[in-house]
Amino acid sequence: MAANSQMCSIWLGSETGILKGVSLIKKQAFNFCEMSCLSRDQEVCVMAWGDTHESEVLVGSVNGTVKTFSTDKGIFTGSRECGDPSQGRFTGLAVTDSSLITCVESGLLKVWKEGSTDTVEVNVGNGICRMRQNPSQRHCVATGGKENPLKVWDLERPDKPIFTAKNVAHDWLDMRVPVWVRDIGFIPDSDKIVTCTGHHQVRVYDPSTSQRRPVMEAKFGEYPLTALSLPASQGTVVVGNTHGQLAILDLRKGLVCGCLKGLAGAVRGLQCHPSLPLVASCGLDRFLRVHSLEDCSLQHKVYLKSRLNCVLLSRRELESSSVDVTGDVEEVKAEEEEDEVWDTMQTVTEKTKKRVAQNNEAAVSRVEDKKKRKVAKK
């Protein structure tokens, strides 16, 4: 299993609790789990890299445990109880200075220090949908949820948030606009933060200014947005919604730059590659898809048998690997295999036109017979 895990460049978590690794160059997928003890409470909620070398994958489950998977050894090397299932599912997972950061739906954010039983607890408010870490300032995280606005926290001074967003102005009917933050992203090389909402809005905030309301707002589609990710090239964001629609939005003008097609279910996991113009997505239709951000074309499509919750990309090249394949593998079903199924099905001929023509001929013959009878009577 070590060789299998070392060649995987994409990792996914499923509803069944299975950690899945995908190698695009070999067109194979691998399951990493203990099949004998799988249960619904082991459903994977969140995933994160355990170190900068990407040698460990942290997997947060519904039952409140965070397991450590070694990509070098191909096995789970540890498990830690980090939550109470009664407080809700994990909404965020991160690592900083050898400490683990977790957040659950009830709003309880904890910092677990390595080698110590002491934890730092922060109440970030109820109804949390997402907690994200700032990649450039790893001690800072952002939270948001349903009727819980965007907040930025400095975990070195967790007494109060360093930024709290203000709700937008009332709508044209002078009614309050509901708050529902579904996902958050930190724009690289700036202080700006982008969010997507359950009311199909994309908003950009700038905590470095005195303005607490969004500096830019755009809308996409008519359905709740569920996930977002920022590409390596600045100025755009990729968003997905509950109807399998993916789009690239310009963060300066708020316009749609392109749409990524092919999905057939709600988008649950979305991540852009750190350096390549590629984005990986997964969701309820059980497929992993990799799209190009340059021409919006579908590069890879992998069927993984289980409904997927999250995706994690490696920084290395997705399509290059020098590791030999050994052991049992789960073959990837490509899109062409679906075409073969349709080609082998028996063709049914449409006979409607033939019946219509026959009916018309019968009607014409009846009219001619009536004319002949009338002539005969005269």
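In this report, the structure presented in the accompanying data block is examined. (Residues numbered from 1 in each chain as written. Predicted model: local features only at pLDDT ≥ 70, side-chain atom pairs only at ≥ 80, totals over all residues. Heavy atoms only, no water.)

## Looking at the sheet that holds strand β13 (residues 140–145)
So, step 1. Strand order in the open sheet made by the four strands is β12-β13-β14-β15, with antiparallel pairing throughout. What marks the edges here is a single partner per strand, and that holds for β12 (128–133) and β15 (163–164).
So, step 2. As defined by bridge partners, strand β14 (residues 148–154) adjoins β15 across two bridges and the pair is classed as antiparallel. Across the sheet, Lys151 pairs through a bridge with Thr164, a residue of β15. (Pairing = 2+ DSSP bridges. Helix = DSSP H or I, 4+ residues; strand = E, 2+ residues; numbered from the N terminus.)

## Quick notes on empty space enclosed by the protein
So, step 1. As enumerated under the stated definition, the model contains four cavities of 30 Å³ or more in all.
So, step 2. Here the largest cavity defines a volume of roughly 90 Å³.
So, step 3. Taken together, 13 residues line the largest cavity, and the ones lying closest to its centre are Pro149, Val179, Val181, Arg203 and Tyr205.
So, step 4. At the level of elements, β14, β17 (193–197) and β18 (201–205) are the ones that each hand at least two residues to the lining of the largest cavity.
So, step 5. A per-class count over the lining of the largest cavity returns eight nonpolar, three polar and two charged.
So, step 6. As a volume, the second largest cavity reaches approximately 50 Å³.
So, step 7. Taken together, Cys82, Gly83, Asp84, Gln87, Thr102, Val104, Leu108, Lys110 and Trp112 make up the lining of the second largest cavity.
So, step 8. Elements with a minimum of two residues in the lining of the second largest cavity: β9 (99–104) and β10 (108–113).
So, step 9. Counted by class, the lining of the second largest cavity contains four nonpolar, three polar and two charged residues. (1 Å grid on protein atoms, 1.4 Å probe; cavity = no way out; pocket = protein on both sides within 12 Å on 5 of 7 lines; lining within 4 Å. Points joined across faces, edges and corners; volume = space filled by probe spheres on them. Nonpolar A, V, L, I, M, F, W, Y, C, P; charged D, E, K, R; others polar.)

## Here we look at the packing of aromatic side chains
So, step 1. The tally for this structure, following the rule as stated, stands at seven aromatic pairs.
So, step 2. Centre to centre, the rings of Phe287 and Tyr303 are 5.2 Å apart; their planes meet at 55 degrees, and the pair counts as tilted. Of the two residues, Phe287 sits in strand β26 (residues 287–292) while Tyr303 sits in strand β27 (residues 298–303), which places them 16 residues apart along the sequence.
So, step 3. Residue classification places Phe287 among the buried residues on the basis of a relative accessible area of 12%.
So, step 4. A residue is classified by how much of its surface remains accessible, and Tyr303, at 24% relative accessible area, is partly exposed.
So, step 5. Aromatic ring contacts, followed pair by pair, group Trp11, Phe30, Phe32, Phe69 and Phe76 into a single cluster.
So, step 6. For Lys301, the ring lying beneath its charged end belongs to Phe287, and the centroid distance is 4.6 Å. (Phe/Tyr/Trp six-rings, centres within 6.5 Å; stacked < 30°, edge-to-face > 60°. Buried < 20%, exposed > 50% of the residue type's maximum accessible area, 1.4 Å probe, protein only. Lys NZ or Arg CZ within 6 Å of the ring centre and 35° of its normal.)

## As for the sheet that holds strand β25 (residues 278–283)
So, step 1. With antiparallel pairing, four strands are arranged side by side in an open sheet as β24-β25-β26-β27. Each edge of the open sheet carries a strand with a single partner, namely β24 (267–272) and β27. Taken pair by pair, the neighbouring strands of this sheet meet at an average axis angle of 15 degrees, ignoring direction. (Axes fitted to C-alpha atoms, helices over the stretch in contact; angles between N-to-C directions.)

## Description of the side chain of Ser99
So, step 1. With respect to the helices and strands, the residue Ser99 is situated in strand β9.
So, step 2. A relative accessible area of 12% places Ser99 in the buried class.
So, step 3. Once you skip the residues sitting within four places of it in the chain, Ser99 turns out to touch Ala94, Val111, Trp112, Lys113 and Glu114. (Contact = heavy atoms within 4.5 Å.)

## Considering the pairing of β14
So, step 1. Counted residue by residue, β14 has six buried out of seven residues, so it is predominantly covered.
So, step 2. Here β13 runs beside β14; their pairing, made up of five bridges, is antiparallel. Within β14, the position partnered with Ala142 by the bridge is Val152.
So, step 3. Between β13 and β14, which pair antiparallel one after the other, the connecting turn spans two residues, and Glu147 there sits at a positive phi close to 55 degrees.

None of the figures reported here should be taken as evidence of function without further support.
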